[in-house]
Amino acid sequence: MGDARRSTSFFTEQHLSYADILPPLQVRARIEVAVLNFLKVLNSPAPAISNLPTIKRKASNSRVNQGLLTDVSWIFLSHAFCTKSLTRENTAKSFIRVWKVMEMCYEILVLEKRVTQRELFYKLLCASPDYFASQLQVNQTIQDVVALLRCSRFSLGIMASSRGAVAGRLLLQEPNEETVDCTTCGSSGYAISGDLDLLEKLVMKTDAHYIFVIEKHAIFQRLAEDRVFNQIPCILITAKGYPDIATRFFLHRMSQAFPEMPILGLVDWNPAGLAILCTFKYGSIGMGLEAFRYACNIKWLGLRKDDLEIIPEESLIQLKPRDMQIAKSLTSSEILQDNYKEELAVMVESRRKAEIEALYFHGYDFLGKYLAKKIVQAHYI
């Protein structure tokens, strides 16, 4: 997998914390070392419960890194630690969860299997119901284990669940399989696998000029059904909302395979749409140890504030408290470039948002015309 972390402009290599991609034997060795160190402390002349030092996954420990030889930026975490201890009431359960997840991952690696986060949750729910009551607890603990062992989730035997789909002018070939023509996959598109190892091995070919990242599955289906890729030589991809890891990795692979091809985002004009775009562009703080593996230089095609001129006033929707929370979070981060901040400020000041579907006021076939016009105007950055 591509290693973009080597090239930095403002932060040197020693500032970066990252998770390695390791073979199962090395991951098992790291788990064994963690267990041995824990037992060593317990058996010392002055026994004590050791703390678990994990990289701090908070905004205060995050930075945005810009490569010297590439336009791709990504979120990374520096070397600030937080500790979990069995002797502190507020971290005791999360301390035990880390060991439970490590134990389960060790078993998975021994069996040479892979599981999804959801499968892992049900295994842990049955084995340790006192410690795992929700999927969120499992997801957070997985990230604790990644931060402790400094290896990727995939290296731990955890497979990404994928909601993503791709359509358009793209030929895909898995090892020892027939080539798939994504123009023939219908309105639902080709389902993106959650197996990152398989995605890494995909052979990709295209004669497209653009990659369109579509926030909503319904919009993706409309464009695929209208075969917009026959009018505009393009590839369509969607994560059906907030981007999952597999879809982000697939898009990252395409950006490496076709480095000259613009990647253009079509999202709702609201704080959530901008947050989705930024996740594709920079990664997320929670995944800061692996963000460079998924980031890509996506540009914001639409909807933009200038598009409000072609959207009826009646189609604008009032911002909700959740929208304002997302806007506040985006504003306080280092991520947003100035023109994104301007768009967000207009949203907040007007207290309005617009959804892509509002363009249907001009007819159900208008989306393709809209994309073509935006490209001609080169109105994206």
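If you're wondering where the values come from, they're calculated on a predicted model, not measured in any experiment.

## Considerations on the overall build of the protein chain
The number of helices and strands found in the protein chain is 12 helices and 17 strands. When burial is assessed residue by residue, the protein chain has 50% of its 381 residues classed as buried. Within the protein chain, counting contacts between residues at least 6 apart in sequence, those at least 24 apart form 76% of the total. Approximately 17,800 Å² of the protein chain is accessible, and the part contributed by carbon and sulfur atoms is 53%.

## Points about the nonpolar core
Among the nonpolar cores identified, the biggest contains 78 residues, and Leu170, Phe212, Phe250 and Met254 are the most heavily contacted of them. With 7 residues, helix α9 (residues 271-282) is the largest single contributor of residues to this core. Those residues in contact with Phe250 that sit more than four places away from it in its chain are Val166, Leu170, Leu172, Ile192, Leu199, Leu202, Met204 and Ile237. The next biggest cluster of nonpolar side chains, apart from the first, holds 31 residues, and it includes Trp99, Met102, Val146 and Leu156.

## Examining helix α6 (residues 217-225)
Restricting attention to buried positions, one finds in α6 the residues Ile219, Phe220, Leu223 and Ala224. All buried residues of α6 lie within an arc of 135 degrees about the axis, which places them on one face of the element. Just beyond α6, the residue with positive phi is Arg227, at close to 50 degrees.

## Here we look at the pattern of salt bridges
Under the definition given, this model contains 13 salt bridges. A salt bridge links Lys353 to Asp323, with the nearest nitrogen and oxygen atoms 2.9 Å apart. You can see Lys353 sitting in strand β17 (residues 352-353) and its partner Asp323 sitting in helix α10 (residues 321-332), a full 30 residues away along the chain. Under the relative-accessibility criterion, Lys353 is labelled buried at 10%. Here the salt bridges do not stand alone but share partners, grouping Lys216, Asp268, Glu355 and Glu357 into one network.

## Topic: the sheet that holds strand β7 (residues 165-168)
The strands that make up a sheet pair up through hydrogen bonds in the backbone, lying either parallel or antiparallel. Here we have 6 strands laid out as an open sheet, ordered β10-β7-β13-β12-β14-β15, and mixed in their pairing. A strand with exactly one partner marks an edge of an open sheet, and here the two such strands are β10 (190-191) and β15 (298-302). Here strand β12 (residues 210-214) pairs with strand β14 (residues 263-266) via 4 bridges, running parallel. Residue pairing in the sheet places Ile214 in a bridge with Leu266 of β14. The sheet strands contacting helix α12 (residues 366-377) are β12, β14 and β15, and the helix crosses β15 at an angle near 120 degrees.

## Digging into the packing of aromatic side chains
The tally for this structure, following the rule as stated, stands at 7 aromatic pairs. With 5.1 Å between their ring centres and 55 degrees between their planes, Phe121 and Tyr122 make a pair best called tilted. A centroid spacing of 5.2 Å and a plane angle of 50 degrees characterise the contact between Tyr360 and Tyr364, whose relative ring orientation is tilted. A residue is classified by how much of its surface remains accessible, and Tyr364, at 57% relative accessible area, is exposed. In this arrangement the basic side chain of Arg114 is found over the ring face of Phe154, its NZ or CZ atom lying 3.7 Å from the centre.

## Quick word on unusual backbone geometry
Along the chain, Gly302 connects to Leu303 via a cis peptide bond; the corresponding omega equals -10 degrees. The residue Leu303 is located in the loop between β15 and β16 (317-318) in this model. Of note in this structure, Arg150 is not a glycine but carries a positive phi near 55 degrees. Here Arg150 shows up in the loop between α4 (135-149) and β6 (158-159). On the accessibility criterion, Arg150 (22% relative accessible area) is partly exposed. Located in the positive-phi region is Arg351, a residue other than glycine, with phi close to 60 degrees. Mapped onto the elements, Arg351 comes out in the loop between α11 (338-350) and β17.

## Thoughts on the pairing of β7
Side chains of β7 alternate between two faces, with Ala165 and Ala167 and Val166 and Gly168 buried alike. In this sheet, β10 lies alongside β7 in antiparallel orientation, the contact comprising 2 bridges. Looking at the pairing, Ala165 lines up with Ala191 of β10. In terms of strand pairing, β7 meets strand β13 (residues 234-238) through 4 bridges, oriented antiparallel. Paired with Ala165 across the bridge in β13 is Thr238.

## A closer look at the environment of Leu148
Inspection of the secondary structure assignment puts Leu148 in helix α4. The buried category is assigned to Leu148, whose relative accessible area is 18%. As a C-alpha pair, Leu148 and Ala19 span 129 residues in sequence and 9.5 Å in three-dimensional space.

Cut-off values and rules
Residues numbered from 1 in each chain as written. Predicted model: local features only at pLDDT ≥ 70, side-chain atom pairs only at ≥ 80, totals over all residues. Heavy atoms only, no water. Helix = DSSP H or I, 4+ residues; strand = E, 2+ residues; numbered from the N terminus. Buried < 20%, exposed > 50% of the residue type's maximum accessible area, 1.4 Å probe, protein only. Contact = heavy atoms within 4.5 Å. Areas by Shrake-Rupley, 256 points an atom, 1.4 Å probe, with all protein chains shown as cover. Core = buried A, V, L, I, M, F, W, Y, C linked by side-chain atoms within 4.5 Å. Arc of directions from axis to C-beta. Salt bridge = Lys/Arg side-chain N within 4 Å of Asp/Glu carboxyl O. Pairing = 2+ DSSP bridges. Axes fitted to C-alpha atoms, helices over the stretch in contact; angles between N-to-C directions. Phe/Tyr/Trp six-rings, centres within 6.5 Å; stacked < 30°, edge-to-face > 60°. Lys NZ or Arg CZ within 6 Å of the ring centre and 35° of its normal.

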